[in-house]
Amino acid sequence: MTDSSSPDATTTPANPWPALWAMVIGFFMILVDTTIVSVATPAIRSALQTDYNTVIWVTSAYLLAYAVPLLITGRLGDRIGPKNVYLVGLALFTLASLWCAVTTTIEMLIVARVFQGLGASMMTPQTMAVITRTFPPESRGRAMALWGATAGVATLVGPVLGGVLVDSAGWEWIFFVNVPVGIIGFALAWRLVPRLETHAHSFDWVGVVLSAAAMFLIVFGIQEGERYDWGQITGIVSVPALIALGLVVGAIFLWWQSRVRREPLVPLQLFRERNFSVSNAAISMVSFSVTAMSFPFMLWAQTARGWSPTESGMLLIPMAVVTAAMAPIVGRWTDRVAPRLLASIGFGVSGGSILFMSQTVTPDSPVWLILIATALVGFGNAFLWSPLAATATRRLPMASAGAGSGVYNATRQIGAVLGSAAIAAAISSRLAAHLPQAASAGAEGAGPTALPPEAAEPFSTAMSQALLVPAAAFLLGLLIVQFFPRPR
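Residues numbered from 1 in each chain as written. Predicted model: local features only at pLDDT ≥ 70, side-chain atom pairs only at ≥ 80, totals over all residues. Heavy atoms only, no water.

Asker: I keep staring at the overall build of the chain and nothing clicks. Help me out?
Answerer: Secondary structure assignment for the chain yields 20 helices and 2 strands. Evaluated residue by residue, the chain yields a buried proportion of 60% over its 488 residues. Contacts spanning at least 24 positions in sequence make up 86% of the contacts within the chain whose residues lie at least 6 apart. In the form shown here, the chain has an accessible surface area of approximately 18,000 Å², with 68% of it arising from carbon and sulfur atoms. (Helix = DSSP H or I, 4+ residues; strand = E, 2+ residues; numbered from the N terminus. Buried < 20%, exposed > 50% of the residue type's maximum accessible area, 1.4 Å probe, protein only. Contact = heavy atoms within 4.5 Å. Areas by Shrake-Rupley, 256 points an atom, 1.4 Å probe, with all protein chains shown as cover.)

Have a look at this one:
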């Protein structure tokens, strides 16, 4: 069904690139917001007088609200049109950004971030669905390369941009800046994105509730575990019980998906395609690691070394530059080189470079050594985003474009949520082991951002050990991509 009265109504635009570029603006913005908060974390913690775990919920709440609805917003795009869903999501995201900027309490900031995440969840699947439905197969790899490069560069640019904004205008401006960008992106998408044919779909609301409950229980248990010493929270409620209950609810969710006859929230038959299954598992490891890496690195740079947010963010410039430079090269290889080879290079280099980075996180390491480490991370990441996205969606049927992209993006965001929760637990655990006075000050929402000189060494050791978490996830991803089919 199309709207013939609209000038942009078409199912096969002659040139799909303008529409994709229009959507890339909004897509870039929401992905920047996934990581931009990491560099502002010390400033937000100080301004709103909160502790380390609570301030990381500013990111975890966004990622949770982003991840869970992705399983249905892709389907929603199929039903009422990807353009309509994208525009509503962009409007919600922009308004929620304004709310984040004007809030004065950590609780309201977390709530506003939830609405930001909901808006982002409506936008993301539509970009992949438009690519799948408007680009011919022979040029879809290049389009996916742009999509993947946008995802990779955005998640790395976030800390750099955040540092400049925090230093020059205050942490609120990491959210204020979204407002004009959102308005421009809305106008371009309104004009350039075509109205595509819609398909009738049903919605599995039971699945939505089960998946949301499972994710929240697991993430809350992991992130808050150290606060409660991995024991009792209240009465019979304990951290292990919450995590176990989350896993049980997750198993019930999968069972329910196998029983839904008409249209399950997660079409399990998609996972019969080996490329789709492996790509989903692999991209979750990428998001886990990229999200987890930024928190201990930024905390170390600003707290142990005393660098400003701008100086700290600039440490990641080589990462963004190398990823951007390599993206078009890897994009050309994506349609010609086996995904196992490209992804193996990406995971191997990324995992090794994070291990190298963990050794440079010291009170007196030279800046040039840190820049080499971040450049290597960017090189490895360039081999991951585009090849995994293109490989996951290459064989999706047109009628399942929305559902497939929703599952892929949900998997990616679930990895980011778990990465945020895991690194919060790792930071708390390592601080408690190496610098208990800093951990207790953080738990009370007190204490200065910078540490006294004698505390810099143990704080650096704690952050160095926390970086082993994303390094391990990258190396697990290296194992996962060995299950890609051998090229014929």
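Now that the structure has been shown, the text picks up again.
Asker: Would you mind going over the nonpolar core with me for this structure?
Answerer: Nonpolar side chains in soluble globular proteins tend to end up buried together. Counting residues in hydrophobic clusters, the biggest one holds 133 residues, and the most contacted among them are Phe347, Met357 and Leu388. If one sorts the elements of this core by residue count, helix α11 (residues 274-304) sits on top with 17 residues. Among residues more than four places away in sequence, those in contact with Leu388 are Ser279, Ala282, Ile283, Val286, Ala343, Phe347, Tyr408 and Phe484. (Core = buried A, V, L, I, M, F, W, Y, C linked by side-chain atoms within 4.5 Å.)

Asker: Looking at this structure, I do not really get a nonpolar patch on the surface. What am I missing?
Answerer: Side chains of Leu98, Trp99, Val102, Met108, Val111 and Phe115 sit close together on the surface and give an oily, nonpolar patch of about 470 Å² of accessible area. Those elements giving two or more residues to the nonpolar patch turn out to be α4 (82-102) and α5 (106-134). Looking at the element boundaries, Met108 is found in helix α5. For Met108, a relative accessible area of 37% corresponds to the partly exposed category. (Patch = residues over 30% accessible without salt bridge, like charges linked within 9 Å, V, L, I, M, F, W, Y side chains within 5 Å. Salt bridge = Lys/Arg side-chain N within 4 Å of Asp/Glu carboxyl O.)

Asker: Would you take a moment to explain helix α9 (residues 205-224) for this structure?
Answerer: Given a rise of 1.5 Å per residue, 20 residues ought to cover 28 Å, and the 28 Å separating the end C-alpha atoms of α9 matches this to within 8%. Buried within α9 are the following residues: Gly207, Val208, Leu210, Ser211, Ala214, Met215, Leu217, Ile218, Val219, Gly221, Gln223 and Glu224. (Expected span 1.5 Å × (residues − 1).)

Asker: Any chance you could explain the confidence of the model for the chain here in plain terms?
Answerer: Close reading of the predicted structure is inappropriate where its pLDDT is low. For the chain, the mean per-residue pLDDT works out to 84, and 90% of the residues sit at or above 70. When pLDDT is averaged over each helix and strand of the chain, the minimum, 57, is found for helix α18 (residues 436-443) and the maximum, 97, for helix α20 (residues 468-480). Throughout residues 1-10 the model reports pLDDT below 50, and contacts reaching past four residues in sequence, or to other chains, amount to 21 contacts. When the criterion is pLDDT under 50, residues 442-448 qualifies, and its contacts beyond four places in sequence or with other chains add up to 12 contacts. (pLDDT = per-residue confidence, 0-100.)

Asker: What is the right way to read the pattern of salt bridges from this model?
Answerer: Between side chains of opposite charge, pairing is possible as soon as their charged atoms come close. In total, this model carries 1 salt bridge according to the counting rule given. We note a salt bridge from Asp33 to Arg113, for which the minimum N-O separation is 3.4 Å. Remark: Arg113 occurs in helix α5 and Asp33 occurs in helix α1 (residues 17-47); sequence separation between them is 80 residues. Taking relative accessible area as the criterion, Asp33 reaches 0% and is therefore assigned buried. Owing to a relative accessible area of 0%, Arg113 belongs among the buried residues under this scheme.

Asker: Explain the side chain of Thr124 here, please?
Answerer: Topologically, Thr124 is positioned in helix α5. Looking at Thr124, the relative accessible area reads 0%, which means it is buried. With residues near it in sequence (within four places) discarded, Thr124 still touches Phe27, Ile30, Tyr66, Leu70, Asn409 and Arg412.

Asker: Sorry if this is basic, but what is going on with the packing of α9 against helix α10 (residues 239-259) here?
Answerer: Helix-helix packing: each pair is described by the crossing angle between the helix axes and the interaxial distance. In contact at an axis separation of 8 Å, α9 and α10 are set at 155° when each is read in the N-to-C sense. With respect to each other, α9 and α10 are oriented roughly antiparallel. Read as a crossing pair, α9 and α10 show a hand that is left-handed. Contacts from Val206, Gly207, Leu210, Ser211, Ala213, Ala214, Leu217, Ile218, Phe220, Gly221 and Ile222 of α9 reach α10 at Val239, Leu242, Ile243, Leu245, Gly246, Leu247, Val249, Gly250, Ile252, Phe253, Trp256 and Gln257. A class-by-class count of the residues in the contact of α9 with α10 yields 17 nonpolar, 6 polar and no charged. (Axes fitted to C-alpha atoms, helices over the stretch in contact; angles between N-to-C directions. Parallel < 35°, antiparallel > 145°, perpendicular 65-115°, else oblique. Left-handed = near helix turned anticlockwise from the far one by under 90°. Nonpolar A, V, L, I, M, F, W, Y, C, P; charged D, E, K, R; others polar.)

Asker: Quick question: what am I supposed to make of the environment of Val55 here?
Answerer: In this fold, Val55 is placed in helix α2 (residues 52-67). Along the chain, Val55 and Ile110 lie 55 residues apart, while their C-alpha atoms are 8.7 Å from each other. Ignoring any residue separated from it by four or fewer positions in sequence, one finds Val55 in contact with Thr41, Ile44, Arg45, Thr50 and Ile106.

Asker: Help me understand unusual backbone geometry in this model?
Answerer: Trans is the prevailing form of peptide bonds, just as negative phi is the prevailing case for residues other than glycine. Even without a glycine there, the phi angle at Asp229 is positive, about 55°. Relative to the elements of secondary structure, Asp229 occurs in the loop between α9 and β1 (232-234). Of the residues examined, Asp229 reaches a relative accessible area of 64% and is grouped as exposed. Of note in this structure, Trp230 is not a glycine but carries a positive phi near 55°.

Asker: Got a minute to help me understand the layout of surface pockets in this structure?
Answerer: Remark: the empty space left among the atoms is shown by a probe the size of a water molecule rolled over them. In this structure, the largest pocket occupies an estimated 690 Å³ of space. Considering the residues around the largest pocket, the lining is formed by 27 residues, among which Met215, Phe253, Leu254, Thr411 and Ile414 are closest to the centre. Secondary-structure elements contributing two or more residues to the lining of the largest pocket are α9, α10, α11 and α17 (401-434). Of the residues assigned to the lining of the largest pocket, the class counts are 19 nonpolar, 8 polar and no charged. (1 Å grid on protein atoms, 1.4 Å probe; cavity = no way out; pocket = protein on both sides within 12 Å on 5 of 7 lines; lining within 4 Å. Points joined across faces, edges and corners; volume = space filled by probe spheres on them.)

Asker: Whenever I open this one, the side chain of Thr291 confuses me. Can you help?
Answerer: Within the fold, Thr291 resides in helix α11. Excluding residues within four positions of it along the chain, Thr291 makes contact with Leu63, Ala416 and Ser420.

Asker: Hey, could you run me through the packing of aromatic side chains in this one?
Answerer: Aromatic ring pairs are described here by two measures, namely the spacing of the ring centres and the angle between the planes. Under the defined criterion, the tally for this structure stands at 13 aromatic pairs. A centroid spacing of 5.5 Å and a plane angle of 45° characterise the contact between Trp99 and Phe115, whose relative ring orientation is tilted. Here Trp99 is found in helix α4, whereas its partner Phe115 is found in helix α5, with 16 residues between them in sequence. Judged by relative accessible area, which is 35%, Phe115 ranks as partly exposed. On the basis of an interplanar angle of 50° and a centroid distance of 4.9 Å, the ring pair of Trp173 and Phe176 is categorised as tilted. Of the two residues, Trp173 and Phe176 both sit in helix α7 (residues 173-176), 3 residues apart, roughly one turn of that helix. One aromatic cluster is present, formed by Trp57, Phe216 and Phe220 through successive ring pairs. Against the face of Tyr62 rests Arg113, its NZ or CZ located 4.3 Å from the ring centre. (Phe/Tyr/Trp six-rings, centres within 6.5 Å; stacked < 30°, edge-to-face > 60°. Lys NZ or Arg CZ within 6 Å of the ring centre and 35° of its normal.)

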